[in-house]
Amino acid sequence: MKPTSALGAIGVSSLLLSGVGAIELDVNSPDSIKKAAKALSTNLRNQYTGDRPGDVPGNLPDPYYWWECGAMFNAFIDYWYYTGDNQYNSITTQALEHQIGDNNAFMPPNQTKSLGNDDQGFWGMAAMSAAENKLPDLKDGPSWLSLAQAVFQTQYKRWDDMTCGGGLRWQIFQFNPGYNYKNTISNGCFFNIAARLYKYLGNDTYFEWAEKTWEWELSVGLISPDLNFFDGADDLQNCTSIDRIQWTYNAGVHMSGAAAMWNVTQNELWRDRLQGLIDGISVFFKDGVMIEVACENNNKCDIDQRSFKAYLARWLGYTAIVAPWTRDQIDPLLKASAKAAAAQCNGGKDQVSCGLRWVDNGKNDGSFGVGEQMAALEIVQALLYPTVDGPVTAERGGISKSDPDAGNNAPADPTTVNSITTSDRVGASILTIIVLVGTIVGAWWMVS
């Protein structure tokens, strides 16, 4: 485990923070958007080393954790989907295949000792995007769709009714710190995958689990009645004490799942839920520009948190596609945020490196890295959503093969592993272990 800090996230010299090479973006021009996205994606790709001789496909260099590499390849799948540029498809396929792991469920042996449900979920969502966007299936391996199904199958078996009335724990293994925490992102990833599998396949089992997960989160207070999303709760207290920190990615992962559920059901319940969620994300926007309100204002965003805006940006685009009635609300947020993000992508040696903060009127804060670059790429390329067809389904254009038994051979509670070593990386929500004090910190995230 490598400690994280705001300073540790600065992976590039802070020289040349504002150069003439800033990204030029006309938010109303598809050609301009594609050109900007290409420049941003080139910088992001240059930070990936897993395809180099002697390195491991699907891993990012320190200090990044395994889950974020899966999230990054989802961004490259999105890039191909929006722009038609397939230059990253080969490294994406290579990385996803290499990290499939045991039981074809994104549980590689070198990660499972510290594997969280959210970590596995981010790779599962990448596979789901590959299926929805028609990335060709592996020639000699499981399909993208079956990999998402395998993640679902392994996770629903971990649903824990012994405390808090249900829910997924953060950690998969009992001996890992955080096992007693039931966090929103783990349950949100599971909800997201279930909802999108339901949309793709129409199988009621996925609908039932998506509905069950949402209802459980609402019942314990991880989702508030006015549809704000909080970080998680300690099951040793039966989830009676909620950590009320809000993160963009929790709202985003639920937004796209809710949009998928509305798209299939067309019922008022899911329309109301999605509308309430869109209303609730106003906390993450300042003058229409996205901000990670829990940590940007106090300069305390860690490595993980610096990527979170990428996922709200990603799922705003998805929502606008599958729930067209949301577009009048989402368009202004996408355009203002993309324009602001691009304006400050003027740092680093290439002068297109993006900082963390988009709300500083084009000033680059010198915080460069995978998360910052991915967030800017996702918000810019999401502007192209009106130019693409919606995600495919099994009945409408889908080419990825279903395997209802995928993941069934995986144990629900695997316990036979080797001893943990310092080389094992912790998962997506390392931040959560810091905030287990819950309500002691109260509403610190609202303080600038």
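Note that the structure is a prediction, hence the values are computed from the model and not measured.

### As for the overall build of the protein
Helix and strand content of the protein: 13 helices and 5 strands. Across the 448 residues of the protein, 63% fall into the buried class. Look at the contacts in the protein between residues 6 or more apart in sequence, and 72% of them connect residues 24 or more apart. Looking at the protein as shown, the accessible area adds up to about 16,400 Å², and 50% of this sits on carbon and sulfur atoms.

### Let's talk about the nonpolar core
The tendency in soluble globular proteins is for nonpolar side chains to be buried side by side. Ranked by size, the top nonpolar core spans 143 residues in total, and within it Met72, Phe122 and Tyr311 carry the most contacts. In terms of residue count, helix α2 (residues 66–83) provides more of this core than any other element does, 13 residues in total. With residues up to four places along the chain from it excluded, the contact list for Phe122 reads Trp67, Ala71, Ile185, Cys189, Tyr249, Tyr311 and Trp315.

### A few points about the environment of Thr49
Among the structural elements, Thr49 can be located in the loop between α1 (30–45) and α2. On the basis of relative accessibility, which here comes to 13%, the residue Thr49 falls in the buried class. As a C-alpha pair, Thr49 and Asn59 span 10 residues in sequence and 7.6 Å in three-dimensional space.

### Quick look at empty space enclosed by the protein
All chains considered together, the criterion is met by 3 cavities of 30 Å³ or more. The volume enclosed by the largest cavity comes to roughly 130 Å³. Contributing to the lining of the largest cavity are 13 residues, with Asp78, Ser129, Asn133, Arg314 and Tyr318 lying nearest its centre. Of all the secondary-structure elements, those providing two or more residues to the lining of the largest cavity are α2, α4 (117–132) and α10 (308–322).

### Here's the deal with the packing of aromatic side chains
Applying the stated criterion across every chain yields a total of 28 aromatic pairs. Seen from their ring centres, Phe191 and Trp214 are 5.5 Å apart, and the 55 degrees between their planes marks the pair as tilted. Here the residue Phe191 occupies a position in helix α6 (residues 184–201), and Trp214 occupies one in helix α7 (residues 204–220), the gap between them amounting to 23 residues. Of the two residues, Phe191 and Trp214, neither departs from the other in class, the shared state being buried. Three or more aromatic residues joined by ring pairs form one cluster here, namely Phe152, Tyr156, Trp159, Phe190, Tyr206, Trp209 and Trp216. Across from the ring centre of Trp325, 4.1 Å away, lies the NZ or CZ of Arg271, which sits over that ring.

### What to know about the state of the cysteines
Note: disulfide means a covalent bond formed between the sulfur atoms of two cysteine side chains. Taken as a whole and assessed by the stated rule, the structure comprises 3 disulfides. Bridging Cys164 to Cys239, the disulfide has an S-S length of 2.1 Å. When the S-S torsion is 85 degrees, as for the bridge of Cys164 with Cys239, the disulfide is right-handed. A residue pair is termed long-range when its members are at least 10 positions apart, and Cys164 in the loop between α5 (144–156) and β1 (181–183) and Cys239 in the loop between β2 (232–234) and β3 (242–243) qualify at 75 residues. Each member of the pair, Cys164 together with Cys239, is buried. In this model Cys345 forms its disulfide with Cys354; the gap between the sulfur atoms is 2.0 Å. The S-S bond linking Cys345 to Cys354 shows a torsion near 110 degrees; that makes this disulfide right-handed.

### Notes on the sheet that holds β1
Strand order in the open sheet made by the 3 strands is β1-β2-β3, with antiparallel pairing throughout. Either end of the sheet is taken by a strand with one partner, and the two such strands are β1 and β3.

### Points about the side chain of Asp160
Tracing the chain through its elements places Asp160 in the loop between α5 and β1. Overall, the relative accessible area of 10% leaves Asp160 in the buried class. Setting aside its immediate chain neighbours within four residues, Asp160 contacts Gly165, Gly166, Gly167, Arg169, Lys182 and Asp235.

### With respect to unusual backbone geometry
Between Asp62 and Pro63 the backbone carries a cis peptide bond, its omega angle lying at 10 degrees. Turning to its location among the elements, Pro63 is positioned in the loop between α1 and α2. Phi is positive for Lys134, which is not a glycine, with a value near 70 degrees. Exposure remark for Lys134: the relative accessible area of 37% places this residue in the partly exposed category.

Reading the values: rules and limits
- Residues numbered from 1 in each chain as written.
- Predicted model: local features only at pLDDT ≥ 70, side-chain atom pairs only at ≥ 80, totals over all residues.
- Heavy atoms only, no water.
- Helix = DSSP H or I, 4+ residues; strand = E, 2+ residues; numbered from the N terminus.
- Buried < 20%, exposed > 50% of the residue type's maximum accessible area, 1.4 Å probe, protein only.
- Contact = heavy atoms within 4.5 Å.
- Areas by Shrake-Rupley, 256 points an atom, 1.4 Å probe, with all protein chains shown as cover.
- Core = buried A, V, L, I, M, F, W, Y, C linked by side-chain atoms within 4.5 Å.
- 1 Å grid on protein atoms, 1.4 Å probe; cavity = no way out; pocket = protein on both sides within 12 Å on 5 of 7 lines; lining within 4 Å.
- Points joined across faces, edges and corners; volume = space filled by probe spheres on them.
- Phe/Tyr/Trp six-rings, centres within 6.5 Å; stacked < 30°, edge-to-face > 60°.
- Lys NZ or Arg CZ within 6 Å of the ring centre and 35° of its normal.
- Disulfide = S-S within 2.5 Å.
- Pairing = 2+ DSSP bridges.

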